[in-house]
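Chain residues, written in single-letter form:
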Amino acid sequence: MKRKEENIFKVIMIIASLIISGLLLFILGTIVWKGVPALSWDMITKLPGGGFYLGKEGGVLNAITGSFCIITGAVAISMIISVPLVMYLNFYLPRKSTFSAIVRFSFDILLGVPSIVYGAFGFALMIFLGMRASLGGGIITVAMLITPIMMRSFDEVTRLMPRDLSDSLLSLGSTRYEMIKVIMRQLMPGFVTATLLATGRGIGDAATVLFTAGYTDNLPGSLSQPAATLPLSIFFQLGSPVAEVQNRAYASALILTALILILSFAARHFSSKFSRNRI
Amino acid sequence: MNTQRAIKEIGARWFMRIIAFSGILFLLIIGISLFVKSYPVIRENGLWKLLSSVSWKPSSGEFGFLPFIVSTLYVSAIAIIIALPLSLLTAIYLNSYASGRIRRFFEPVIDLLSGIPPVIYGVWGTITIVPFIAKNFASGTTSGYSVMAGGIVLAVMIIPLLVGLLTEIFNSIPDEMTNASFSLGATKWQTVKRVILRRSFPGIIAVTVLSLSRAFGETMAVLMVCGNSPRMPHSLLDPGYPLPALLANNYGEMLSIPGYESALMLAALILFVIIFFFNGISRLTLNHLEKRFHF
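For clarity, every value in this text was computed on a predicted model and none was experimentally measured.

What follows is about the overall build of chain A. Looking only at helices and strands, chain A features 11 helices and zero strands. Going from the N terminus to the C terminus, chain A shows its helices and strands as α-α-α-α-α-α-α-α-α-α-α. Viewed in the frame of its principal axes, chain A has a C-alpha envelope of about 70 × 70 × 30 Å. Looking at chain A as a whole, 47% of its 279 residues are labelled buried. Contacts in chain A between residues at least 24 apart in sequence constitute 74% of all its contacts with a sequence separation of at least 6.

Helix and strand counts for chain B stand at 12 helices and two strands. If you list the helices and strands of chain B from N to C, you get α-α-β-β-α-α-α-α-α-α-α-α-α-α. With the C-alpha coordinates aligned to their principal axes, the bounding extent of chain B is approximately 75 × 70 × 35 Å. At a minimum sequence separation of 6, the contacts of chain B that also span at least 24 residues come to 75%.

Attention now goes to the interface of chain B and chain A. Taken together, the 64 residues of chain B in the interface contact 65 residues of chain A. Per-element tally for the side of chain B that touches chain A: the top contributor is helix H1 (residues 3-45) of chain B, with 17 residues. A breakdown of the residues in the side of chain B that touches chain A according to their chemical character gives 41 nonpolar, 13 polar and 10 charged.

Take the domain arrangement of chain A next. Residues and elements named next belong to chain A. One can read the domain layout of chain A as domain 1 (2-38) and domain 2 (44-277). Of note, the centres of domain 1 and domain 2, computed from C-alpha atoms alone, are 30 Å apart. Counting from both sides, the interface comprises seven residues of domain 1 and, opposite them, seven residues of domain 2. Taken together, the residues of the side of domain 1 that touches domain 2 break down into five nonpolar, one polar and one charged.

Our focus in this paragraph is the packing of helix H3 (residues 66-97) of chain B against helix H6 (residues 147-171) of chain B. Residue and element names in this part refer to chain B. Packing of H3 against H6 brings their axes to within 6 Å, and their N-to-C directions diverge by 35°. The chirality of how H3 crosses H6 is right-handed. Among the residues making up the contact of H3 with H6, the classes are represented as 23 nonpolar, nine polar and no charged.

A word on the confidence of the model for chain B. The predicted coordinates should not be examined in detail at positions where pLDDT is low. Per-residue confidence for chain B gives a mean pLDDT of 87; residues scoring 70 or more make up 95%. Overall fold confidence for the complex sits at a pTM of 0.91, while the interface term, ipTM, reaches 0.91.

Counting 172 residues, the largest nonpolar core has Ala 267 and Ala 268 of chain B as the members making the most contacts within it. Of the residues forming this core, the biggest block, 17 residues, is contributed by H6 of chain B. Each of domain 1 (2-38) and domain 2 (44-277) of chain A accounts for three or more of the residues forming this core. Leave out the neighbours within four places in its chain, and Ala 267 of chain B touches Phe 65, Leu 243, Leu 246 and Leu 247 of chain B.

Now for unusual backbone geometry. Among all residues save glycine, negative phi is the norm, and among peptide bonds the norm is trans. The residue Asn 228 of chain B is not glycine, and still its phi comes out positive at about 50°. Relative to the assigned elements, Asn 228 of chain B resides in the loop between helix H10 (220-225) and helix H11 (243-250).

Let's shift gears to the packing of helix H4 (residues 98-112) of chain A against helix H6 (residues 135-160) of chain A. Residues and elements named next belong to chain A. Contact geometry for H4 and H6: axes closest at 8 Å, N-to-C directions at 130°. It follows that H4 is oblique to H6 by the angle criterion. Where H4 crosses over H6, the two elements pack in a sense that is left-handed. Together, Phe 107, Leu 110 and Leu 111 of H4 and Pro 148, Ile 149, Met 151 and Arg 152 of H6 make up the contact between the two elements. Taken together, the residues of the contact of H4 with H6 sort by class into six nonpolar, no polar and one charged.

Another point: H6 of chain B. Residue and element names in this part refer to chain B. With 25 residues, H6 extends 35 Å from end C-alpha to end C-alpha; this agrees with the ideal 36 Å at 1.5 Å per step. Along H6, the sharpest change in direction is near 35° and occurs at Ile 158; proline Pro 160 comes one to four residues later. Among the 25 residues in H6, 21 count as buried, and that is most of the element.

Criteria and cut-off values
Residues numbered from 1 in each chain as written. Chains lettered and ligands numbered in written order. Predicted model: local features only at pLDDT ≥ 70, side-chain atom pairs only at ≥ 80, totals over all residues. Helix = DSSP H or I, 4+ residues; strand = E, 2+ residues; numbered from the N terminus. Buried ≥ 20, exposed ≤ 12 C-beta atoms within 10 Å, placed from the backbone. Contact = placed C-beta atoms within 7 Å. Nonpolar A, V, L, I, M, F, W, Y, C, P; charged D, E, K, R; others polar. Domains from an automatic or database assignment. Axes fitted to C-alpha atoms, helices over the stretch in contact; angles between N-to-C directions. Left-handed = near helix turned anticlockwise from the far one by under 90°. pLDDT = per-residue confidence, 0-100. Core = buried A, V, L, I, M, F, W, Y, C linked by C-beta atoms within 7 Å. Parallel < 35°, antiparallel > 145°, perpendicular 65-115°, else oblique. Expected span 1.5 Å × (residues − 1). Bend = angle between axes of the 7 residues up to and from the residue.

Structure (structure tokens):
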């Protein structure tokens with residue numbers, strides 16, 4: 001009788017796991033199946049031509065470049081914030097400090113704040129500063145979104161590191177700042193993994209850049225000009241009533257998915273390397 | 001210690017301290033500035049009237065948030081009802097039954113599912129879920145863009161979060177505890193039921209609340225499959241208009257209508273406050289559990 005209950009539940013559990021892995025295949029399959037027929041070199045290498053949104057020739061190079069510029073800037077900003085922060089929490093403050101608990105807690109909450117709220121806040125901030133939708137605004141807002149993500153995963157990597165190295169450095173008479181410069185080398189692979197994953201989140205997010213980065217058919221020229229992004233280009237193309245444009249939305253979706261997959265695999269590669277080098 | 005080294009050390013320390021403080025400050029700034037921005041519409045209409053009215057006519061200054069709040073609740077509830085059992089069963093399976101090989105296979109599956117951007121989920125939803133609902137339910141009276149579609153897509157989106165966190169919670173239960181149960185002659189299933197699930201019950205609740213707050217704030221996917229009509233959804237097959245979608249859809253044009261910007265900021269504030277509390281409570285619970293299990 002007990003065996004029977006166990007076996008029934010075991011079957012249900014296996015079915016649940018199969019459904020979840022099946023969902024991944026289903027989603028990726030749908031995107032590939034719809035995207036491949038519309039995919040061409042022009043999609044990746046050309047700007048939208050005249051009448052692009054009526055189904056005429058062109059590509060989404062503007063969106064690819066825009067996304068690239070925004071994520072590069074945003075990752076740079078959030079590195080400058082999260083690396084020192086994590087070092088401070090782990091190596092400067094005592095282990096059970098209340099202050100570090102409060103900082104970690106606020107970043108946990110920031111991690112949960114939805115991207116649309118960052119988008120709205122970023123937009124309000126830009127109006128306040130007299131900026132218009134631009135590359136710079138997009139960079140700042142995406143940085144707000146990914147900084148808590150990066151900070152949290154950096155923190156996890158750093159907490160896992162054995163303390164022997166830092167302790168022996170301090171006992172040799174280095175200052176904490178000098179110690180961190182050495183430790184960074186040890187932490188680097190883990191940080192690269194975390195950064196790649198955060199990059200994926202930042203590239204894929206549309207709600208943050210919807211009002212802050214704007215949209216344009218041209219390449220982003222400067223920080224104060226609007227920039228197109230890949231998720232938004234998918235969204236706008238999908239909303240078109242023209243079948244060719246919709247098909248190109250599927251192709252753009254395939255491009256974005258491929259980018260995310262590459263980032264994710266690169267991150268996994270680095271993290272497996274990291275676990276081999278651990279002391 | 002020579003002075004140059006000391007100066008570098010002190011400089012670095014202060015730089016880091018300022019960043020740490022501004023992290024806390026930033027949270028306050030978001031909350032306060034959203035409140036300041038939404039205050040005009042609250043003063044004009046009263047908070048209770050805004051939250052309980054169903055009439056949404058921005059051009060005549062009527063901002064009733066109830067349809068949006070109800071849509072958000074419907075969509076998130078459907079998502080959790082679908083996602084929680086699936087994730088719970090999978091997490092138990094991965095923790096107690098699956099072999100090492102299956103566990104290693106699942107890691108990238110969960111990683112990839114959580115890495116797929118919302119807009120891709122939206123595209124997937126419009127290609128598959130929306131036509132499916134249009135064809136199979138309500139005999140063609142619905143376009144398929146509905147609360148139901150939003151709920152299903154959201155469910156798939158929060159599954160990786162749920163599975164990841166639940167597996168973490170189950171793994172944090174000390175082996176001594178499960179081994180004690182086995183040594184008393186309990187079967188695996190009895191151990192799962194009586195020890196693992198019971199021990200991790202607060203954690204399961206916390207994780208559920210956490211993923212619920214993720215569902216509240218999800219924007220793009222929901223925007224693409226929900227239909228976005230500002231009326232009360234009366235059935236699950238009616239189109240809905242969750243708060244994040246409202247924000248995303250109207251932000252561009254709101255500057256021309258008085259009070260509109262303030263009303264949309266209120267939408268952001270509502271989201272922020274709900275998520276602040278949901279996240280806060282569940283994070284505190286999870287941190288507490290972590291402390292209890294890591295001796």
